[in-house]
Amino acid sequence: MRSPNKFTQGVVLFALAGYVSKLISFAYRVPYQNIAGDFGLYAYQTVYPFAAIVASLGIYAMPVVIAKIGVGAKGPQQKQEILWGSFYALFTLAAILVALVWEMAPAIGSLLGDEQLAPALRVISLSYLLMPALAVLRGSFQAVDDLRPSAWSQVLENLTRVTVMLTLLFIGVRMGKDAYELSQYAYMAALVGGVVAIVFLTYQTKSLRVVNVSWSTFRRVLRLLVTTGFAVGFASLGILWMQLVDSFTIVNLMGGSYEAKVSKGVFDRGYPLVQFAILFTTTIGMASVPNLVRHFRAGHIQKTTQGLRSMIRVTTTVAAAATIGLMGVMLPLNISLFEDESGTQALILLATSTFAASLAVVSMTCLQAIDREWVAARGMVLAIVVKSVMNGWLVPSYGISGAAIGTSIAFLAMASFNFKSLDRSIPLGAFRFGHYKLLIKTLLPMIGILVGLNWLGSRWIDSRIEAFGWLIGMVMIGAGVYIWRLVRTHVLTTGEWELIPFGSRLLDVLDKKEN
């Protein structure tokens, strides 16, 4: 039986916790849409990026930066001073952000094409005050390569948030509240979830104590969080920036009518699916950064190169399957979850952004690992510009399908820019293209089977129950064929399989069958 080391186990648990959390986060959108309709989902999802961007900073980006600062601390006393300095700095920034969003909520709502979204924006702003404590507590554990408390707190936070949210949703519907009021209730639940996560992490922190923070430490930490932290956070939130651009453009470019808002709600069915599909890319990549940073800063270029290659292989291998799988099952998935097949074509096009986004994320993570955060940030700026231009060009003519195409093109532009920048420091171009060729050969049987099953399903599915059954069958067959091909073609090494949740156990099972 293989015995992964502690850090590998932490990475796996962190990835699995993120996946479970995203599953929980995605699952509530199904009853939300079924109860509130596509217009209700529009009212919730349009302002969602304003909540998710800051929340993600507290889960991924800021803890990584704080961990990197904490690794260089000289002794426990200095480490505590850095942690408290980080908290004070982030709380100051969060308070300023709360004041700005609260006051500008009506103006932001107007720019979004709907001033009735302003109250939900104000509720969201209050959650910003929880981010500093969450980021510092999680960062303190990641600094010592212990990802388990962060993982468990993430699951606990989402379970609490979704439980409270669905309870408030049920009460709100019974009271006859409209879509805008229901969205406010949903974001109040995020406050409860954040508080529960803070209590849990505080209990897990045995050595945390209040210490005095010198002005020089505060300034240094503030500077690093605003510069490096902003670069890491800004670049790592790609899918959320794409959603934000869509929030500001789709409804406005489609005329601002009720029908345009419903179309935006239909399109918003897809982004949680894409986020769910690329989750392994984000969690495995971000969790591996501290280890790669140590190798790079110690001058171990060969180990750094090997680590970057493994990261690219694992994330693209998972992302390729997720992309093809999501495209192939979109019809039965749309019907079984959201009651009808509205927007299926646009959602299939949006699913293509799964692989493009994964390339962008893994290239960004590679740059962060070799201290090129600002290069990755420039890549994200390029993606936002490309996405805005594509939406302005395509949405007026093609509606939400145009927005879907724009997302994929934007991420491909970002990935191309990032990898070209990376190759100047650590050349990986030849390796990448060789890996992609092998990956395509591995995918072909899965593609053929899903195309055939999708064609049959489009003619036989007549109800949500039938669609769900067909969906389960397609997922099992497609995943089984792909895993079999992965093992046969040796795309991943044994160590790389261990980075995938249950990957090591799967290899053990396959080894026993062969022997």
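Residues numbered from 1 in each chain as written. Predicted model: local features only at pLDDT ≥ 70, side-chain atom pairs only at ≥ 80, totals over all residues. Heavy atoms only, no water.

Q: Account for the overall build of the chain, naming residues and giving values.
A: A tally of regular secondary structure across the chain gives 22 helices and zero strands. By residue count, 58% of the 515 residues in the chain fall in the buried class. Taking as baseline every contact in the chain between residues at least 6 positions apart, the subset at least 24 positions apart corresponds to 84%. Surface summary for the chain: the accessible area is close to 21,000 Å², and the carbon and sulfur share equals 66%. (Helix = DSSP H or I, 4+ residues; strand = E, 2+ residues; numbered from the N terminus. Buried < 20%, exposed > 50% of the residue type's maximum accessible area, 1.4 Å probe, protein only. Contact = heavy atoms within 4.5 Å. Areas by Shrake-Rupley, 256 points an atom, 1.4 Å probe, with all protein chains shown as cover.)

Q: Residue-level account of the environment of Gly 40, with values.
A: Within the secondary structure layout, Gly 40 lies in helix α2 (residues 29–45). Leaving out residues up to four positions away in the same chain, Gly 40 has contacts with Tyr 32 and Ala 179.

Q: Provide a residue-level description of the pattern of salt bridges, including the pertinent values.
A: As enumerated under the stated definition, the model contains seven salt bridges in all. Salt-bridge contacts for Asp 114 lead to Lys 261; the nearest nitrogen and oxygen are separated by 3.3 Å. Taken as a pair, Asp 114 in the loop between α4 (76–111) and α5 (118–126) and Lys 261 in helix α11 (residues 258–267) lie far apart in primary sequence, 147 residues in all. A relative accessible area of 12% places Lys 261 in the buried class. One salt bridge in this structure joins Glu 157 and Arg 138, with 3.0 Å as the shortest N-O distance. You can see Glu 157 sitting in helix α7 (residues 148–174) and its partner Arg 138 sitting in helix α6 (residues 131–142), a full 19 residues away along the chain. Across this residue pair, the class does not change: Glu 157 and Arg 138 are buried. Within the structure, one salt-bridge network assembled from shared partners comprises Asp 38, Arg 269 and Asp 340. (Salt bridge = Lys/Arg side-chain N within 4 Å of Asp/Glu carboxyl O.)

Q: Tell me about unusual backbone geometry, and please be specific about residues and values.
A: Trans is the prevailing form of peptide bonds, just as negative phi is the prevailing case for residues other than glycine. One non-glycine residue, Glu 339, adopts positive backbone phi at about 80°. Note on Glu 339: relative accessible area 42%, which makes it partly exposed.

Q: Quick one: what's the story with the side chain of Ser 86, residue by residue and with numbers?
A: With respect to the helices and strands, Ser 86 occurs in helix α4. In this structure the side chain of Ser 86 is engaged in a polar contact, spanning 2.8 Å, whose partner is the backbone oxygen of Ile 82. In contact with Ser 86, not counting residues within four places along its chain, are Ile 66, Val 136, Val 221 and Leu 225. (Polar contact = N/O pair within 3.5 Å; in protein donor to acceptor, adjacent residues only side chain to side chain.)

Q: Outline the nonpolar core, listing residues and values.
A: Ranked by size, the top nonpolar core spans 136 residues in total, and within it Val 47, Phe 50, Trp 241, Met 242 and Met 380 carry the most contacts. With eight residues, the next largest nonpolar core counts Leu 130, Leu 137, Phe 141 and Ala 197 among its residues. (Core = buried A, V, L, I, M, F, W, Y, C linked by side-chain atoms within 4.5 Å.)

Q: Run through the packing of helix α19 (residues 429–460) against helix α20 (residues 464–489), naming residues and quoting values.
A: For the pair α19 and α20, the least separation of the axes is 9 Å and the interaxial angle reads 165°. Regarding the angle of α19 to α20, the classification is roughly antiparallel. Of the two elements, α19 crosses α20, and the hand of that crossing is right-handed. (Axes fitted to C-alpha atoms, helices over the stretch in contact; angles between N-to-C directions. Parallel < 35°, antiparallel > 145°, perpendicular 65-115°, else oblique. Left-handed = near helix turned anticlockwise from the far one by under 90°.)

Q: Could you give me a rundown of the confidence of the model for the chain, with the residues and numbers involved?
A: Averaged over every residue, the pLDDT of the chain is 84; the share at 70 or more is 88%. Taken element by element, the predicted model of the chain shows its lowest mean pLDDT in helix α22 (residues 503–514) (61) and its highest in α5 (95). (pLDDT = per-residue confidence, 0-100.)

Q: Provide a residue-level description of the layout of surface pockets, including the pertinent values.
A: Computed from the structure, the second largest pocket encloses a volume of approximately 640 Å³. The wall of the second largest pocket is formed by 26 residues, among which Ile 53, Val 54, Leu 57, Leu 97 and Phe 230 lie closest to the centre. The set of elements that each furnish at least two residues to the lining of the second largest pocket consists of α3 (48–71), α4, α9 (215–236) and α10 (238–253). Among the elements that line the lining of the second largest pocket, the one with the most residues is α4, at eight residues. Looking at the lining of the second largest pocket residue by residue, the class counts come to 24 nonpolar, two polar and no charged. (1 Å grid on protein atoms, 1.4 Å probe; cavity = no way out; pocket = protein on both sides within 12 Å on 5 of 7 lines; lining within 4 Å. Points joined across faces, edges and corners; volume = space filled by probe spheres on them. Nonpolar A, V, L, I, M, F, W, Y, C, P; charged D, E, K, R; others polar.)

Q: Could you give an account of empty space enclosed by the protein, naming the residues involved and the relevant values?
A: For the structure on display, the rule yields two cavities of 30 Å³ or more. Looking at the largest cavity, its volume works out to about 720 Å³. Tyr 48, Ala 52, Ala 55, Ser 56 and Ile 59 are the residues nearest the centre of the largest cavity, which is lined by 43 residues in total. Listing elements by their share of the lining of the largest cavity, those giving two or more residues are α1 (6–27), α3, α6, α7, α8 (179–204), α10, α13 (279–297) and α16 (353–369). It is α3 that contributes the most residues to the lining of the largest cavity, nine residues altogether. Partitioning the lining of the largest cavity into residue classes produces 26 nonpolar, 13 polar and four charged. Here the second largest cavity defines a volume of roughly 40 Å³. Considering the residues around the second largest cavity, the lining is formed by Ala 235, Ser 236, Leu 237, Gly 238, Ala 357, Ala 360, Val 361, Met 364, Met 380, Phe 411 and Met 414. Counting residues per element, the ones that place at least two in the lining of the second largest cavity are α9, α16 and α18 (400–423). Each residue belonging to the lining of the second largest cavity can be placed in one class, and the counts come to nine nonpolar, two polar and no charged.

Q: Break down the packing of α10 against helix α12 (residues 270–277) for me, with residues and values.
A: Between α10 and α12, the least distance of the axes is 11 Å, while the angle of their chain directions is 170°. Taken together, the axes of α10 and α12 lie roughly antiparallel to each other. Note on element contacts: α12 touches α10 through Tyr 271, Val 274 and Gln 275, opposite Ile 239, Leu 240, Met 242, Gln 243 and Asp 246. By residue class, the composition of the contact of α10 with α12 is five nonpolar, two polar and one charged.

Q: How would you sum up a nonpolar patch on the surface? Please name residues and give values.
A: A cluster of nonpolar side chains, contributed by Ile 440, Leu 444, Ile 447 and Val 451, occupies part of the molecular surface with about 360 Å² of accessible area. Along the chain, the position of Val 451 falls in helix α19. (Patch = residues over 30% accessible without salt bridge, like charges linked within 9 Å, V, L, I, M, F, W, Y side chains within 5 Å.)

Q: For α10, give the residues involved together with the corresponding values.
A: With 16 residues, α10 extends 22 Å between its outermost C-alpha atoms, agreeing within 8% with the 22 Å of an ideal straight helix rising 1.5 Å per residue. With 13 of 16 residues buried, α10 is to be regarded as a mostly interior element. (Expected span 1.5 Å × (residues − 1).)

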